[in-house]
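Listed below, chain by chain, are the residues.
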Amino acid sequence: MLKKDFIETYHKQLDFLYDEKILNEEKLYHFKKRGVQFFDTDKDLNCYHLSEILPYIVIGASNDYVDKMKVPYQATSFIAGEVYSQNSGIYAYKIIGKQGGGVQLLTGGTRKLGDNIFASLHRILVGNRAIMVTINNMIENRDQIWSWEFFGKHLLDKNVLIYDDLLNLSNKFVDKSKFHFIISVRTFESINKLNFVELYNNNKIAMLNPENNIKVVIITTLQIYNFLSKFVKESSLISYIITGENFEMQTGLEILRKEFDIKYLLNDGGRIMSNSIRDFGILSEERITLEPFNSATLDYNINSNCILGKKNTGLDKSEISQSILLDSHSVDDEKLNVYIYPMDENKIF
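Right, let's walk through the structure included here. Numbers given to residues run from 1 along each chain, matching the order in which its sequence is written. With pLDDT at 70 or above as the cut-off, local features in this predicted model cover only qualifying residues; side-chain atom pairs require 80 or more to be listed or tallied, and sums for whole chains, interfaces and linings still use all residues. Excluded from the side-chain calculations are hydrogens and water; all other atoms, namely the structure's heavy atoms, are used.

## Here's the deal with the layout of surface pockets
- In this model, the largest pocket occupies a volume close to 1,500 Å³.
- The distinction between a cavity and a pocket rests on a 1 Å grid over the protein atoms alone: a 1.4 Å probe fits inside a cavity but cannot get out, while a pocket stays open yet meets protein on both sides within 12 Å along at least five of seven lines, and a residue with an atom within 4 Å of a point counts as lining. In this structure, the largest pocket is lined by 45 residues; those nearest its centre are G100, G101, N137, E140 and N141.
- Runs of E in the DSSP output that reach at least two residues are strands. Runs of H or I that reach at least four are helices, and both are numbered from the N terminus. Listed by contribution, the elements that provide at least two residues to the lining of the largest pocket are strand 3 (73-82), helix 5 (103-106), helix 6 (113-126), helix 7 (135-140), helix 8 (149-152) and helix 14 (271-280).
- Any residue that is not Ala, Val, Leu, Ile, Met, Phe, Trp, Tyr, Cys, Pro, Asp, Glu, Lys or Arg is counted as polar, Gly included; the first ten are nonpolar and the last four charged. Of the residues contributing to the lining of the largest pocket, the split by class is 14 nonpolar, 20 polar and eleven charged.
- Grid points are joined across faces, edges and corners, and a volume is the space filled by probe spheres set on the points. Its volume calculated, the second largest pocket comes out at about 470 Å³.
- As for the second largest pocket, its lining consists of 23 residues, and the residues nearest its centre are I145, S147, V174, K176 and F179.
- Counting residues per element, the ones that place at least two in the lining of the second largest pocket are helix 6 and helix 9 (160-173).
- For the lining of the second largest pocket, the element with the highest residue contribution is helix 9, accounting for three residues.

## Overview of helix 14
- Within the sequence span of helix 14, burial applies to R271, M273, S274, I277 and R278. Buried residues of helix 14, viewed axially, fall in a sector of 165°; they line one side. Exposed side chains of helix 14 directed beyond 90 degrees from the buried face belong to I272 and D279.
- Where helix 14 ends, the next residue or the one after it, G281, has phi of about 95°, a positive value. Each residue's exposure class comes from its accessible area (1.4 Å probe, protein chains only) as a fraction of the maximum for that residue type: buried when under 20%, exposed when over 50%, partly exposed otherwise. This arc is taken over the directions from the axis of the helix to the C-beta atoms.

## Notes on empty space enclosed by the protein
- One pass over the full model with this rule turns up two cavities of 30 Å³ or more.
- Taken together, L54, Y56, I57, V58, F118, R287, D327, H329, L336 and V338 form the lining of the largest cavity.
- Those elements that provide at least two residues to the lining of the largest cavity are strand 2 (56-59), strand 12 (324-331) and strand 13 (334-340).
- Among the elements that take part in the lining of the largest cavity, strand 2 stands out by supplying three residues, more than any other.
- For the lining of the largest cavity, the per-class residue count stands at seven nonpolar, one polar and two charged.
- Space inside the second largest cavity adds up to approximately 30 Å³.
- Lining the second largest cavity are I57, I59, L121, H122, L125, V126 and R287.
- For the lining of the second largest cavity, the element with the highest residue contribution is helix 6, accounting for four residues.
- Across the lining of the second largest cavity, the residue classes tally to five nonpolar, one polar and one charged.

Laid out in structure tokens, this is it:
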């Protein structure tokens with residue numbers, strides 16, 4: 001597909017939603033003005049083997065539009081498996097009580113090709129300067145460093161040529177000297193409940209272990225900073241953003257954009273965090289792999305709190321509430337989808 005054909009189809013979709021009174025004039029204008037970025041995987045990114053599976057990749061705003069924003073352009077990264085029954089159209093992103101949310105159950109028992117590629121690309125193209133997590137996510141996955149290779153390594157066995165494409169792409173886009181993990185710390189309760197200080201002092205948190213040489217920015221309140229900085233001291237690797245007496249995510253993101261020059265941000269903080277940022281009007285897109293139904297999930301606890309999306313709940317009747325499906329690719333029985341949200345331009349400019 002050519003870029004002009006993609007944009008023409010996308011604009012027709014927006015016009016249809018406007019004609020159906022799903023989008024008002026303000027949102028129609030917002031999406032059209034916002035534009036898209038379109039990458040031919042072979043010609044633009046020099047990833048021939050990858051292009052045989054993903055011929056193009058899109059981001060839900062033009063680079064010019066992102067340049068004008070005062071907060072980073074945020075995208076999430078999720079995987080969700082169809083649950084309850086085949087063709088239910090209901091997708092869960094976690095299973096209660098399973099380590100790591102039970103991702104392998106949601107994917108049918110193994111890490112699948114499509115998601116490993118898609119998740120790797122998220123980190124290379126959107127998260128190449130910053131990935132944001134909550135303190136809870138960081139501690140839950142404290143042995144991991146969430147680089148693209150966390151997913152890409154699963155390609156080495158049977159898809160080494162695609163891995164090589166991703167490696168070359170990473171070398172082009174990811175400057176490790178400028179990359180930061182962003183950690184949001186809202187409450188003392190989280191610090192105490194998670195035994196954060198003890199784990200840090202014992203070098204049990206991979207991304208905060210100085211031997212791993214990773215730059216980290218902690219977004220928090222003045223009171224928490226005054227306490228936490230006595231243990232996690234500011235250094236060439238550790239920086240703080242203080243949002244004031246109260247935790248203000250927008251303030252933190254504005255400082256992150258201005259002082260650290262971070263234009264794009266992969267939000268890996270979990271569903272509660274991403275939903276709150278979406279509802280505030282500053283979440284840009286969701287990049288989600290949808291997996292087919294796996295009957296083994298019937299033996300586990302999946303309730304409404306586990307559900308990521310349900311067919312017909314999006315603005316365009318797609319799966320994700322309040323969103324529009326911008327693009328979709330199929331890899332065998334997986335769907336690699338990009339959904340976009342309307343943003344509040346009074347807050348992002």
